[in-house]
Amino acid sequence: MNPNNEYLLYPNVKKTFTICKFKYNILEIKLFESIRIAVYLYDDKDMLLEARQYIIDGEQYKKWSTDDQYIITLIKQKIQEPWII
């Protein structure tokens with residue numbers, strides 16, 4: 001028995017998907033400090049592909065203010081960051 005419940009998969013499985021839209025929920029607000037949000041990524045068939053959490057703090061939090069469009073743009077950037085070269 002594997003104490004870590006971690007097992008190798010061979011052959012490896014490669015998965016490709018296209019993120020078409022997202023939804024988000026604010027999970028926690030620390031006034032004047034930060035927010036923690038959950039972001040849900042969907043494909044073109046409305047299938048949930050992945051769920052992520054982000055913390056928005058510091059200058060990003062200050063820029064948010066009451067402009068929800070700012071937070072939407074910021075989430076889009078965070079989703080794309082890992083794949084931008």
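In what follows, the structure referred to is the one given above.
Remember, it's a predicted structure, so these values are computed and weren't measured experimentally.

**Focus on the pairing of strand 3 (residues 48–57)**
With nine bridges joining them, strand 2 (residues 34–42) and strand 3 adopt antiparallel strand pairing. Looking at the pairing, Tyr-42 lines up with Leu-48 of strand 3. The hairpin formed by strand 2 and strand 3 contains five residues between the paired strands, and Asp-46 there has a positive phi angle of roughly 60°.

**Quick notes on the packing of aromatic side chains**
Scanning all chains against the criterion turns up one aromatic pair. Summarising the aromatic geometry, the rings of Tyr-61 and Trp-64 are spaced 6.0 Å apart at their centres and angled 70° between planes, so their arrangement reads as edge-to-face. Remark: Trp-64 and Tyr-61 occur in helix 1 (residues 58–64); sequence separation between them is three residues, near one turn of the helix. For the pair shown, Tyr-61 and Trp-64 are each scored as buried. Just above the ring of Tyr-42 sits the side chain of Lys-23; from NZ or CZ to the centre is 5.1 Å.

**Topic: the environment of Ala-51**
Looking at the element boundaries, Ala-51 is found in strand 3. C-alpha of Ala-51 to C-alpha of Ser-65: the two residues are 14 residues apart in sequence and 25 Å apart in space. Beyond its immediate sequence surroundings of up to four residues, Ala-51 is in contact with Val-39 and Tyr-40.

**A word on a nonpolar patch on the surface**
Together, Ile-26, Ile-29, Leu-31 and Phe-32 make up an exposed nonpolar region whose accessible area comes to about 490 Å². Assignment of secondary structure puts Ile-26 in strand 1 (residues 21–30).

About the cut-offs
- Residues numbered from 1 in each chain as written.
- Predicted model: local features only at pLDDT ≥ 70, side-chain atom pairs only at ≥ 80, totals over all residues.
- Heavy atoms only, no water.
- Pairing = 2+ DSSP bridges.
- Helix = DSSP H or I, 4+ residues; strand = E, 2+ residues; numbered from the N terminus.
- Phe/Tyr/Trp six-rings, centres within 6.5 Å; stacked < 30°, edge-to-face > 60°.
- Buried < 20%, exposed > 50% of the residue type's maximum accessible area, 1.4 Å probe, protein only.
- Lys NZ or Arg CZ within 6 Å of the ring centre and 35° of its normal.
- Contact = heavy atoms within 4.5 Å.
- Patch = residues over 30% accessible without salt bridge, like charges linked within 9 Å, V, L, I, M, F, W, Y side chains within 5 Å.
- Areas by Shrake-Rupley, 256 points an atom, 1.4 Å probe, with all protein chains shown as cover.
- Salt bridge = Lys/Arg side-chain N within 4 Å of Asp/Glu carboxyl O.

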